[in-house]
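Letter by letter, the chains look like this.
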Amino acid sequence: MSTPNAVPVSLAEIARIAGVGRAAASNWRRRHDSFPSRIGGTDVSPQFSLVEVEQWLRDNGKLKDIGSREFLWPRFEALGSREESGLAIAEAARRMHAPRTRISHSELSPKARELVGAAAKLGRGEGPRETFEFLLQRWLETHVRQLSTTPPQLASLMTRIALSVRISSGDEGLTVLDPACGTGHLLAAAAQEYADLGLAMLGCERDPALAALAGARLGFLTENREIGSEIATADALRTDPFAGMQADIALCNPPFNERDWGYEELATDQRWTHGLPPRTEPELAWVQHLLSHLKPGGAAVIVLPPAVASRKAGRRIRGSLLRTGALRAVVALPPGSAQPHSVSLQLWVLRAAPEGPASAPLSQDALLVDATGFARPGAREPGPDWDALSSFVLSALEVLDRPDDALPEGAVRVPLLDLLDDEVDVTPGRYTASSAEPSGVELAKSWGELGNSLADLADHVQYLSGLGLDAETPQTTASVGELVKAGALTLRAGQQPSDAAASPRESAVPLLTVPDLLMDGTPSGLLSPDSAHVTVTEGDVVVAGVVRAFKAWVHEGPPMALGPQLYALRVDPEKLDAYFLAGCLRAPANGRQAGTHASSSSRVDIRRLQVLQLPLKQQTTYADTFRRLKDFEVLLTKAEGLGRGLVRDVSDRLAAGGLTTSN
C-alpha cells in the first residue's frame, strides 16, 4: 500500500542517489531486514518512501559524499506532470537569483510552490547554476522520449559554422536567433562560442515549460556579461514574436514532419519568397523563416532530416534557394549525431545576400559535404567522432568563398547546372560517391591484402585438415543447467530496458540486441550503467537464444549490456575455460538440439545446450582449436569481401578503358 504524501523512489533511483549499481541496491533490500518496506509499484518494480530511504542510507553509512540535490530530484519527478515539473525547475532557478520575488507561474500547485522554495534555498547553498543544471539534466533524461534536444557538440559545430560563413558588416555585437529553441541548447552554445562579443540572444518556443527552462538557462549564462536575452513563448511560424527583426546569425533544430504547421492560415505570408512550402514540407517553412530574419550577409544553420534534400514536393523551393545563392552548403552528418539517432541528419548552411558595392557576386555552385564516415559504431561514447567531424566540416567550409582552393576528400563543389535538373537533389552522398573510386595504389594494396589473407587461410587449412577427428569414443556431456547447479558457471538473461534507460550519457554502455546480431553485430543502443540489467565484461560468454541468430562467443572489450534473448555466462576459471565453453555451445547441432521448435524464429533453451566434460588442461587444447576455427571463419569472410570488392573495382576500371598493360 502506498503512503499518502510519500515521495516514491525506485531501486534504480536509490542506486543513483547512493552512487552504486542497481544490483547493490537490490542486495541491500534482500540482506537487510531494516530496509524500508515497499509503498507502491509491483514486486518486479517496487517503490519506496524517499524519506525512509534517506534515513536508512544515512543510518547505514551508504551516502558517502552525495549532495542533497540527489534527494531533490525525486520530489520534482513526483509532481507527475512534465509541464509542471519543468515550470517548477525554471521557477526555482529564478528564485535562486532573487529570493523575494513572487511566483511568476500562477498555475503551479501548492506542492510545486513549496518545492520551488526548497530547491531555491538548496541552490543558494550548493551553487545555483550547478543545482539548476543538475535538475534540468534529470528532467531531460526522464522525458527523453517526448523531447528532442541538440547535443552540445553539434550545437557548438553549428555556431562555429555560422560565424565562419557570415559576411561581417563591421559591427562588434551579434544578434543570435533561434525560433524553435527548446530548452536553449543552441543559444547556450552561442553564448559560449561568442564569449568575446557583445550578444543579443533571441529565442522562441511554443511549449511554456521549455521556454521557461531556456530563459532560466540563459539567465545563468548571461549573468555578469554584456549579453541581452529574450525568450518568447509562441509558435514562431504562426505568431512570429520577432517579426521585422533581423539577426546576424540564426540557428535552429526545428520539429520534423509536422503536417499541422499552419499551411492554410499562412498561405499568403510574405516570408515565402522562394515559394509557398507544401503542406508536407514544414522544414522548408522553417528555412524561409530563418532567411527572412537574416541581415544582409547574415548566416543561418539548420538541422534537417535527409528527405528534405530530395523530396519531389520541395524541388521548386530548393531550386530557388540555389539560384539566389541562399543555400550555400549541405552537410550530411553521421547517424547518431542527434535525435533520431538512426538517421543521417543534414545541416543546411544558408546566407542572405550581402549589400553594398563591396558585395561579392553570387557563387555559381553549391558546396556539398559528406561527413557520414565519421560515425563510431560500437563506441562507448554516444555519437560520432566529434573532434574529427568538426575539423573536417570546418576545413571544407573555410574555403566556401574561395572556389580555386582545394577541398578535403568527401566535399565537392557542384555547379548549379548540375543541380537544377528535374529532381534538384542536394543530397551530398549523391555527388561525393564518385570520388571514392580507388586509385591504382589502393587497388594494389587491396590485392596485397587479399594475397595475405589467402596465405593465412592456407595455413589454417593445413592445421585444421590435420586434426584427428575420426575417434568414435563416446564422450560424456553436461548441460548448461547442470553446470549452473554445480557452480561451474553463472547464467544471466538479458532484459528489455525501461524507457528511462535510453538517454545518451557520457558514461553510457552499448546495448546489444538480437536485431543488431542480424545486421552487423554492432550494438545500436545506449544505456546508463544504472539501467543496464545485465552487463557483460571481458571474458564472459555471450549466447544468442534464438535459432535465426544462434551463436556464442567470448566477449572482448569494454562492458556491454544485453537485451532480450541474449544470455551472459560467467565461468569459474578453476573449472571451465571460457573459449572451450563458447566453442562447445556454438556448434550448430547443439543449437538445433536445444531449439524449442523447428522454425527459425524459435528460441533456444540455453540450459539444454551441451558441453563436453573434460579436465581443464584438455579444455585448453580444445579452446585453442576452437579459436583457430573461428579465425578461419573470419579470414574466409574477409577474403570474400576483398575479392568481391576487387572484382567490382577492376571491372569498373576495365569498362572505362583503364587497361594499360597486356599479357
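S.K.: Quick question: what am I supposed to make of the packing of aromatic side chains here?
M.R.: The geometry of an aromatic ring pair comes down to the distance between the two centres and the angle between the two planes. As enumerated under the stated definition, the model contains eight aromatic pairs in all. Between Trp-261 and Tyr-263, the ring centres sit 6.0 Å apart and the planes meet at 75°, which makes this aromatic pair edge-to-face. Grouping aromatic residues by their ring pairs yields a cluster made of Trp-28, Phe-35, Phe-48 and Trp-56. Lying over the aromatic face of Trp-553, Lys-551 brings its terminal NZ or CZ to 5.3 Å of the ring centre.

S.K.: Looking at this structure, how should I read the pairing of strand β9 (residues 327-332)?
M.R.: Along any regular strand the residues' side chains alternate between the sheet's two faces. With six of six residues buried, β9 lies mostly within the body of the structure. Sheet topology note: the β9/strand β10 (residues 346-351) ladder contains five bridges and is antiparallel. For Val-330, the partnering residue across the bridge sits in β10 and is Trp-348. As paired elements, β9 and strand β11 (residues 365-370) share four bridges and run parallel to each other. In the sheet register, Val-330 faces β11, and the bridge partner there is Leu-368.

S.K.: Help me understand the nonpolar core, please; the structure alone is not making it clear to me.
M.R.: Generally speaking, soluble globular proteins have nonpolar side chains that are buried together. Core analysis: the biggest nonpolar cluster contains 48 residues, and Ile-161, Val-176, Met-201, Leu-251, Leu-347 and Val-393 have the highest contact counts within it. Setting aside chain neighbours within four positions, we find Ile-161 in contact with Val-301, Leu-347, Val-349, Val-393, Leu-394 and Leu-397.

S.K.: Help me out: how do you make sense of unusual backbone geometry in this one?
M.R.: Across the chain, the bulk of peptide bonds are trans and the bulk of non-glycine residues have phi less than zero. For the bond from Gln-339 to Pro-340, the omega torsion is -5°, close enough to zero to count as cis. By the element assignment, Pro-340 lies in the loop between β9 and β10. One non-glycine residue with positive phi stands out, namely Val-424, at about 50°. Position of Val-424 among the secondary structure elements: in the loop between α14 (416-419) and α15 (428-432). Residue Val-424 is classed as buried on the basis of its relative accessible area of 6%. Backbone geometry places Gln-565, a non-glycine residue, at a positive phi of 70°. Mapped onto the secondary structure, Gln-565 falls in the loop between β20 (560-562) and β21 (566-571).

S.K.: Help me understand the pattern of salt bridges in this model?
M.R.: Two side chains with opposite charge may pair up if their charged atoms get near one another. Applying the stated criterion to the full structure yields 26 salt bridges. Put simply, Glu-258 and Arg-206 hold a salt bridge, and the shortest N to O gap is 2.4 Å. You can see Glu-258 sitting in the loop between β7 (247-252) and α11 (282-292) and its partner Arg-206 sitting in the loop between β5 (199-205) and α10 (208-221), a full 52 residues away along the chain. Taking the relative accessible area as the measure of exposure, Glu-258 reaches 25% and is therefore partly exposed.

S.K.: I would appreciate a short explanation of the sheet that holds β11 in the present structure.
M.R.: Hydrogen bonds between backbone groups are what pair the strands of a sheet, and the pairing can be parallel or antiparallel. Here we have nine strands laid out as an open sheet, ordered β6-β5-β4-β7-β8-β10-β9-β11-β12, and mixed in their pairing. Two strands lie at the open edges of the sheet, namely β6 (227-233) and β12 (411-415), each paired on one side alone. Geometrically, the sheet is characterised by an average inter-axis angle of 15° between neighbouring strands, direction not taken into account. The strands that helix α8 (residues 152-165) touches are β4 (174-178), β7, β8 (294-304) and β10; relative to β8, the one it contacts most, it runs at about 155°. Packed on one face of the sheet, α10 meets β5 and β6 and runs near 175° to β6.

S.K.: Just checking my understanding: could you explain the packing of helix α3 (residues 50-59) against helix α4 (residues 69-77) for this structure?
M.R.: Between two packed helices, what matters for the description is the angle formed by their axes and the separation of those axes. At a closest axis distance of 11 Å, the pairing of α3 and α4 adopts a crossing angle of 165°. In terms of their interaxial angle, α3 and α4 are classed as roughly antiparallel. Here α3 runs over α4; the crossing is right-handed. Here Leu-50, Glu-54 and Arg-58 of α3 lie close against α4, whose contacting residues are Phe-71, Pro-74 and Arg-75. The class makeup of the residues in the contact of α3 with α4 is three nonpolar, no polar and three charged.

S.K.: Sorry if this is basic, but what is going on with α3 here?
M.R.: For an α-helix, 3.6 residues make a turn, and residues three or four places apart therefore share a direction. Burial in α3 covers these residues: Leu-50, Val-53, Trp-56 and Leu-57. Angularly, the buried residues of α3 cover 130° about the axis, an arc narrow enough to put them on a single face. Opposite the buried face of α3, at more than 90 degrees from it, the exposed residues are Val-51 and Asp-59. Lining the buried residues of α3 we find β1 (8-10), α1 (11-18), α2 (22-31), β3 (46-49) and α4. Just past α3, the residue Gly-61 takes up positive phi, approximately 65°.

S.K.: What is the right way to look at the environment of Val-331 in this model?
M.R.: As for its position among the elements, Val-331 is in strand β9. Counting along the chain gives 80 residues from Val-331 to Ala-411, while the straight-line C-alpha distance between them is 8.9 Å. Here Val-331 is in contact with Leu-345, Gln-346, Leu-347, Val-369, Ala-371, Val-393 and Pro-428, once residues within four sequence places are set aside.

S.K.: Sorry, what's going on with the sheet that holds β3 here?
M.R.: Read across the sheet, three strands follow the order β1-β3-β2 without closing on themselves; strand pairing throughout is antiparallel. Edge positions in the sheet fall to β1 and β2 (40-41), since each of these pairs with one other strand and no more. Sheet topology places β1 next to β3; three bridges connect them, and they run antiparallel. Along β3, the bridge assignment pairs Val-9 with Phe-48. On the sheet, α3 packs against β1 and β3 and is oriented at approximately 75° with respect to β3.

S.K.: How should the packing of helix α5 (residues 82-97) against helix α7 (residues 128-142) be read in this particular structure?
M.R.: Where α5 meets α7, the axes come as close as 10 Å, and the angle between the chain directions of the two elements is 170°. Considered as vectors, α5 and α7 are oriented roughly antiparallel to each other. Side by side, α5 and α7 meet where Arg-82, Ser-85, Gly-86, Ile-89, Ala-93 and Met-96 of the first sit next to Pro-128, Thr-131, Phe-132, Leu-135, Leu-136 and Trp-139 of the second. Residues belonging to the contact of α5 with α7 are distributed by class as follows: eight nonpolar, three polar and one charged.

S.K.: Help me understand the environment of Leu-450, please; the structure alone is not making it clear to me.
M.R.: Mapped onto the secondary structure, Leu-450 falls in helix α16 (residues 440-465). Taking C-alpha positions, Leu-450 is 7.0 Å from Gly-643, a pair spaced 193 residues apart along the chain. Non-local contacts of Leu-450, meaning those with residues more than four positions away in its chain, are made with Ala-639, Leu-642, Gly-643 and Leu-646.

Cut-offs applied
- Residues numbered from 1 in each chain as written.
- Predicted model: local features only at pLDDT ≥ 70, side-chain atom pairs only at ≥ 80, totals over all residues.
- Heavy atoms only, no water.
- Phe/Tyr/Trp six-rings, centres within 6.5 Å; stacked < 30°, edge-to-face > 60°.
- Lys NZ or Arg CZ within 6 Å of the ring centre and 35° of its normal.
- Buried < 20%, exposed > 50% of the residue type's maximum accessible area, 1.4 Å probe, protein only.
- Helix = DSSP H or I, 4+ residues; strand = E, 2+ residues; numbered from the N terminus.
- Pairing = 2+ DSSP bridges.
- Core = buried A, V, L, I, M, F, W, Y, C linked by side-chain atoms within 4.5 Å.
- Contact = heavy atoms within 4.5 Å.
- Salt bridge = Lys/Arg side-chain N within 4 Å of Asp/Glu carboxyl O.
- Axes fitted to C-alpha atoms, helices over the stretch in contact; angles between N-to-C directions.
- Parallel < 35°, antiparallel > 145°, perpendicular 65-115°, else oblique.
- Left-handed = near helix turned anticlockwise from the far one by under 90°.
- Nonpolar A, V, L, I, M, F, W, Y, C, P; charged D, E, K, R; others polar.
- Arc of directions from axis to C-beta.

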